[in-house]
Amino acid sequence: MAQQISPLNVGVLGATGTVGQRFLVLLASHPYLRVHAIGASPRSVGLAYPKAVKWKQTTPIPKAYRDLNVSACEPGAFAGCKIIFSGLDADVAGDIELAFRDAGFAVFSNAKNYRRAPLVPLVVPLVNPDHLAIVRQQQQELKKPGFIVTNANCSTTGLVVPLAALERAFGPIDTVLVTTLQAISGAGYPGVPSLDIMDNVVPFIGGEEEKMEWETKKILGSLASTTTGFALRDEMRVSATCTRVPVIDGHTECVSVRFARRPAPDIAAVRAALSAYTCDAQTLGCPSAPVQAIEVHDAEDRPQPRLDRESQAGAAVSVGRIRTCPVLDIKFVLLVNNVCLGAATSSIINAEVACAQGFIA
Ligand SMILES: NC(=O)C1=CN([C@@H]2O[C@H](COP(=O)(O)OP(=O)(O)OC[C@H]3O[C@@H](n4cnc5c(N)ncnc54)[C@H](OP(=O)(O)O)[C@@H]3O)[C@@H](O)[C@H]2O)C=CC1
Ligand SMILES: N[C@@H](CC(=O)OP(=O)(O)O)C(=O)O
């Protein structure tokens, strides 16, 4: 049952970027989060938003932002905001996000900088919102009300949703092989040069495979019971190969998994478990959560980025081609909208869960 939450002012850092633009579109119609201030680089500071941004969305700049000026990414310019969403370039996110946390803000970040920090939750809202509880330890350590919550790498986000559903139904997965076909928008703007990506596949994305292999073990792990921080799933073997393809939005991933328990589940049971998967963000009534967390496709040629990335506003994971794997146990193809669930939507749902659970006073 959805709680009534009073309107809250939020700020968006990196508001001119690929992820920042998505934040602004999604927040323009949010039931209780109101954009109060926006920040970007010194290049943009002081300009009215339409002058600062190279708008790349298919809908016009929402009216509410047309007269909003871009501020410097300094806490003083965001007075009156409770929540800060960050779509900052990772080169600058580290110091800026820390300054906002130290100034008492609840920071929801897309950047990679703090994902491995022991007291920072790495939350995919359809999987492990229970990890948010560790922000109390951050607050105790700092003796301040601020905290940082990160969301995962966009490819990791798509992967862990069906893995979590399968583990809930069939117990631990011990091996995962994944090959990604990642969209150009994942590299930000202007991103990959057109002469590199047109008519081509680039079989390397710096740091991406390591992030998928490590982040999966933190997200599918648990809060440590005897020490502070998290118990990682170190026994799970994850091997990723990441490629860039000429698609604008939507990361496709080809996944094979092996279960620890024998016998492995059959395909019908796997399909049913994926379709039936529900998560806390849904039961808490978070307004940005998808109705169906995993959309299972029966057609043999789905999911496809162009056809499926906007389903449920890009907040779910699409899965198809579920079949027996002759090497591991089962294999399937998934699609995640990298700029929605893979980025801005996850931050927003994380903030909604934090509001619903009383982490934001
Ligand atoms: N694109 C995606 O699919 C995903 C991205 N991410 C992560 O989200 C973050 C944003 O990515 P993306 O939107 O693609 O990146 P972009 O390059 O498109 O945008 C970067 C943003 O950071 C701002 N910025 C750059 N330098 C500074 C500075 N010195 N001070 C303040 N602001 C600055 C830019 O402002 P200005 O316009 O003024 O230069 C811009 O608003 C990154 O950390 C990325 O790794 C995570 C998951 C998915
Ligand atoms: N590297 C991802 C997007 C991204 O920025 O990831 P991360 O937030 O983990 O650095 C891609 O290219 O699609």
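Residues numbered from 1 in each chain as written. Chains lettered and ligands numbered in written order. Predicted model: local features only at pLDDT ≥ 70, side-chain atom pairs only at ≥ 80, totals over all residues.

(A) Summary view of the site of ligand 1. Within the structure, ligand 1 sits among 30 residues, and T16, G17, A40, S41 and G188 are positioned closest to it. Among the elements of the structure, α1 (18-28), α3 (90-102) and α11 (340-356) are those that each provide at least two residues to the shell around ligand 1. Residues belonging to the shell around ligand 1 are distributed by class as follows: 13 nonpolar, 14 polar and three charged. Looking at the shell around ligand 1, you find at least three residues from each of domain 1 (8-153 + 344-356) and domain 2 (154-337). (Near = placed C-beta within 6 Å. Helix = DSSP H or I, 4+ residues; strand = E, 2+ residues; numbered from the N terminus. Nonpolar A, V, L, I, M, F, W, Y, C, P; charged D, E, K, R; others polar. Domains from an automatic or database assignment.)

(B) Structural view of the confidence of the model for the chain. Averaged over all residues, the pLDDT of the chain equals 97, while 99% of them reach at least 70. Looking at the elements of the chain, mean pLDDT is at its lowest for helix α4 (residues 135-142), recorded as 93, and at its highest for strand β14 (residues 330-336), recorded as 99. In the predicted assembly, ipTM is 0.98 and pTM is 0.97. (pLDDT = per-residue confidence, 0-100.)

(C) Spatial organisation of the packing of helix α5 (residues 154-170) against helix α8 (residues 267-276). Contact geometry of α5 with α8 gives a least axis separation of 9 Å together with a crossing angle of 115°. Helix-helix and strand crossings are classified by hand; for α5 and α8 the assignment is right-handed. Within the contact between the two elements, α5 uses P162, A165, L166, A169 and F170 and α8 uses V270, A273 and L274. Tallied by class, residues from the contact of α5 with α8 come to eight nonpolar, no polar and no charged. (Axes fitted to C-alpha atoms, helices over the stretch in contact; angles between N-to-C directions. Left-handed = near helix turned anticlockwise from the far one by under 90°. Contact = placed C-beta atoms within 7 Å.)

(D) View of the site of ligand 2. Lining the immediate surroundings of ligand 2 are A90, N110, K112, N153, C154, Q182, G186, A187, I205, E208, K211 and N338. Looking at the shell around ligand 2 residue by residue, the class counts come to four nonpolar, five polar and three charged.

(E) Main features of the UniProt feature "domain: Semialdehyde dehydrogenase NAD-binding" (unreviewed entry) in the chain. According to UniProt, the feature "domain: Semialdehyde dehydrogenase NAD-binding" (unreviewed entry) maps to residues 9-135 in the numbering used here. A distance of 20 Å separates the end C-alpha atoms of residues 9-135, which is 23% helix and 19% strand. (UniProt positions renumbered as here; feature names shortened; annotations may be inferred.)

(F) Just the environment of P326, in detail. For P326, the position within the fold is in the loop between β13 (317-324) and β14. It is 46 Å that separates the C-alpha atoms of P326 and F147, two residues lying 179 residues apart in sequence.

(G) Summary view of unusual backbone geometry. Between R262 and the following residue, P263, the backbone shows a cis peptide bond with an omega angle of -10°. Tracing the chain through its elements places P263 in the loop between β11 (251-259) and α8. In this structure, P303 follows R302 across a cis peptide bond, with omega equal to 5°. Secondary-structure assignment places P303 in the loop between β12 (294-296) and α10 (305-308). Despite not being glycine, D199 has its phi angle at roughly 60°, a positive value.

(H) A look at the UniProt feature "active site" (unreviewed entry) in the chain. With numbering matched to this structure, UniProt assigns "active site" (unreviewed entry) to C154 and H251. What stands out for the annotated residues spanning 98 residues is how close their C-alpha atoms remain, the widest pair being 8.0 Å apart. Following the sequence through the fold, C154 ends up in helix α5. Filtering out sequence-adjacent residues up to four positions away, C154 remains in contact with G186, H251, V336, N338, G342 and A343. Among the secondary structure elements, H251 is positioned in strand β11. Exposure remark for H251: the 29 C-beta atoms within 10 Å place this residue in the buried category. (Buried ≥ 20, exposed ≤ 12 C-beta atoms within 10 Å, placed from the backbone.)

(I) Quick look at α11. Over its 17 residues, α11 runs only 21 Å from end to end, short of the ideal 24 Å by more than 12%, given 1.5 Å per residue. Its maximal kink placed at S346, α11 deviates by approximately 45°. Of all 17 residues making up α11, 16 are buried, and the element is well covered by its neighbours. Count one or two residues on from α11 and you reach G358, which has phi positive near 80°. (Expected span 1.5 Å × (residues − 1). Bend = angle between axes of the 7 residues up to and from the residue.)

(J) Summary view of the sheet that holds strand β6 (residues 147-150). The strand order across the open sheet built from six strands is β3-β2-β1-β4-β5-β6, with neighbouring strands paired in parallel fashion. Because the sheet does not close on itself, it has two edges, and the strands there are β3 (70-72) and β6. In this sheet, neighbouring strand axes are inclined to one another by 30° on average, regardless of whether the strands run parallel or antiparallel. Note that strand β1 (residues 8-13) and strand β4 (residues 83-86) share four bridges and pair parallel. Within β4, the position partnered with V10 by the bridge is I83. (Pairing = 2+ DSSP bridges.)

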